[in-house]
Amino acid sequence: MTPALVVVGAGPRGTGVLERIAANLAEVYGEHPLDVHLVDPHPPGGGRIWRRDQSPLLWMNSHAEDVTLFTDDTVEMAGPVTPGPDLAAWAAGYREGTLPPPAVTPDPELDREIRGLAPAGFASRRLQSAYLGWVHARARAALPPRVTVHEHRRAAVRVEGGPDGAQRVWLEGSDTPLTADAVLLTLGHLDTGPDAGQRELTAFAARHGLAHLPPAYTADSDLDALAPGEPVLVRGLGLAFIDLMVLVTEGRGGRWTAGGDGRLVYHPSGDEPVLYAGSRRGVPYRSKIGYGWEGEPPPLPRFLTAEVVDTLRATAGAGGVDFARDLWPLIDKELGWAHYHRLFTTRPGATRVAWADFAEKYAAAAPLSEELRTLVATAVPDPADRLDLTALDRPLAGTVHPGPAALQAALRRHIAADLDRRHDPAHSPDLAVFLGLLSVYGQLLRLGDSGQRWHGFFSHLASGPPGPRLRQLAALSEAGIVHFLGPGTEFTADEETGLFRAASPAVPGHHVEARVLVEARLPDAVAVRSTDPLPRALLRDGAATGADGLLSVDPADGRLLGPGGTPHPRRFALGPHTGARGAGAFTRPRTNSSSFRQNDATARALLTLLRGAGERGGGRGGTARTESGGPGTADADCRPGPSRRSSPAAASPLSPPRTVPS
């Protein structure tokens, strides 16, 4: 009986673990045969979120050269490094004919985009889908012939089996489960059902003939309810808002030209709604930084190290590690260290003391202390050169404007100043802080999930939109298509008028009413409310536990934690539906990616478990397959039978003939 692994979710995270399985196989697993079942209704590589069939107007928010699924020598892991091209290098190889093409031939439009992609450019999500598909095919090709990969284009709905026995994975529409020795859940970003507040808003809309669009991935949203010229309230100014903005403007026939002063000018088609957008901060996320790193990098981590985090975890007591008390002071000091190291290194004229003297006193001072503030004020005379995380996070806090027109002008000035700063290398301490944020994220993963305050703060500073999108936003404001509501915006349902209402304390006495309310944010990563039945069933049946609705896992290797915090020996989970969520499935090269470290540790734990099954002769693989009319088609049925290999003609360009499509 061949040992078997079922991977539920063949998107970017599942692909990353598969790549690590291939890299670690010879050392950890040996020469045994192995069956790997990939369960996902969507094509492998991109999965649902990064699927090909979405608007080309939807971009990534990272430069092409900052996107990779391949490890490098900065990644602290036990397994071997397997180098590979980042997105920009892959596009260059495609263009020059030095790399094999994607598994699926691009259409002419996508072909042109790949050939024109610059390292500092922003790829569409359709292009990223082609890259992810290529990476997946390469990971498959790296597996030796003794490993057979079975594809199941269905959703998994239930997992059964005790900790010491076979695991049975039931697929949607099938009466025969897959049987395996280990199961890995890499479910990616899940849709979730509405919470009580969202249900109330939807019910209000139904009573009054209005439209309420709950949190969703924008590519999946039905935007037909946003009629031309109609006012629409939008809650949220993050990346989901940017997607919405693009789809209802340029996506409806609007166009851009450059004005005489170099600013963008928007020319409406007449089919656009009028967006009134607000949020807690009242401003969009900070622009993606538009220059690269040069010179000496900040020595990170310095204060929030793995050893410090391990000590906090060991001494936290029954209440656990508290973010505000235990972590935020160290985060503030760590980011300050990155900022001032860069400032002293590149602009010594902006400081009054030598770096060595400052660094010694900075290290000795307590986080957030008066001693530390005095040191910084003495050494860095211009307040504009000091790091103020509170001002960066809440730039409009406490501001009041005489009317909505003044608020619009203030927001456009804010966007312009942010764009200027984030594209000027003279402000490179901002990029050092960005690297500090990545370092902090990597350390916090050792504690599991750090809560919404951290995720929101990180996203605002480090995960903002491309600069061109913010220029477009400013132009839409000038054109009267987008109106900003201000910080602290409250959205309410007014039963007396039968309309949605929004108001901000930044413009006293002013409010906006509309028949449509759009929640421009992603669904909460709450497994207990997921529309996917698999995580809900695990929690309902007591097979998994969850804090804040997330699946609890061991941060070290992703093992699912059951009652009492006991790790399940045969079940693993990685990704945003778990308490070890953090960095995305792909990341910036040469940053010791936390997700790559997780992938490697999980792959090695899986292979160790599967090797034991093979050595005992107790493997349970090869007992289930699905027949279909050909590769890439949906499952026809699922019944017991011996494994078979596909013909060479059925394999993808990079995949050897060992894949069983289903």
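Just above, that's the structure.
Residues numbered from 1 in each chain as written. Predicted model: local features only at pLDDT ≥ 70, side-chain atom pairs only at ≥ 80, totals over all residues. Heavy atoms only, no water.

### Side note on the sheet that holds strand β9 (residues 231-235)
At step 1: In space, the five strands of this open sheet follow the order β8-β17-β9-β12-β13, with parallel pairing throughout. Here the strands that pair on one side only, and so sit at the sheet edges, are β8 (211-213) and β13 (482-487). Going across the sheet, the axis of each strand differs from the next one's by a mean of 20°, ignoring polarity.
At step 2: By the bridge criterion, three bridges tie β8 to strand β17 (residues 516-519) in an arrangement that is parallel. Looking at β17, one finds that His212 is bridged to Leu517.
At step 3: Along the sheet, helix α6 (residues 239-247) makes contact with β9, β12 (274-279), β13 and β17, crossing β12 at roughly 175°. (Pairing = 2+ DSSP bridges. Helix = DSSP H or I, 4+ residues; strand = E, 2+ residues; numbered from the N terminus. Axes fitted to C-alpha atoms, helices over the stretch in contact; angles between N-to-C directions. Contact = heavy atoms within 4.5 Å.)

### So, the packing of helix α1 (residues 12-29) against helix α17 (residues 594-616)
At step 1: Where α1 contacts α17, the two axes come as close as 8 Å, and the packing angle between them is 50°. If you check the angle between α1 and α17, you find them oblique. The handedness of the crossing between α1 and α17 is right-handed. On the side of α1, the interface is formed by Arg13, Gly16, Val17, Arg20, Ile21, Asn24, Leu25, Glu27, Val28 and Tyr29, while α17 contributes Ser595, Gln598, Asn599, Asp600, Ala603, Arg604, Leu606, Leu607, Thr608, Leu610 and Arg611.
At step 2: When its residues are assigned to classes, the contact of α1 with α17 shows nine nonpolar, six polar and six charged. (Parallel < 35°, antiparallel > 145°, perpendicular 65-115°, else oblique. Left-handed = near helix turned anticlockwise from the far one by under 90°. Nonpolar A, V, L, I, M, F, W, Y, C, P; charged D, E, K, R; others polar.)

### Looking at the nonpolar core
At step 1: In terms of nonpolar packing, the biggest core is built from 41 residues, with Ile331, Leu335, Tyr340, Tyr362, Leu437 and Trp454 touching the most fellow members.
At step 2: Listed by contribution, the elements that provide at least two residues to this core are α7 (306-315), α8 (323-346), α9 (355-364), α10 (370-379), α13 (429-444) and α14 (452-462).
At step 3: The contacts of Ile331, once residues within four sequence positions are left out, are Leu304, Phe323, Val440, Leu444 and Trp454.
At step 4: By size, the runner-up hydrophobic cluster in this structure holds 38 residues, among which are Val248, Trp256, Tyr266 and Ala474. (Core = buried A, V, L, I, M, F, W, Y, C linked by side-chain atoms within 4.5 Å. Buried < 20%, exposed > 50% of the residue type's maximum accessible area, 1.4 Å probe, protein only.)

### Quick look at the side chain of Thr578
At step 1: Examined against the element boundaries, Thr578 turns out to sit in the loop between β21 (567-573) and α17.
At step 2: A polar side-chain atom of Thr578 sits 2.7 Å from the main-chain carbonyl oxygen of Gly575. (Polar contact = N/O pair within 3.5 Å; in protein donor to acceptor, adjacent residues only side chain to side chain.)

### What to know about the sheet that holds strand β5 (residues 167-171)
At step 1: Spatially, three strands are ordered β4-β5-β6 in an open sheet, and the strand pairing comes out antiparallel. Two strands lie at the open edges of the sheet, namely β4 (156-160) and β6 (178-180), each paired on one side alone. Neighbour-to-neighbour, the strand axes of this sheet turn through a mean angle of 20°, independent of strand direction.
At step 2: Of the strand pairs in this sheet, β5 and β6 are connected by three bridges, and their pairing is antiparallel.

It is worth stressing that arrangement in space is one thing and function is another; only the former is reported here.
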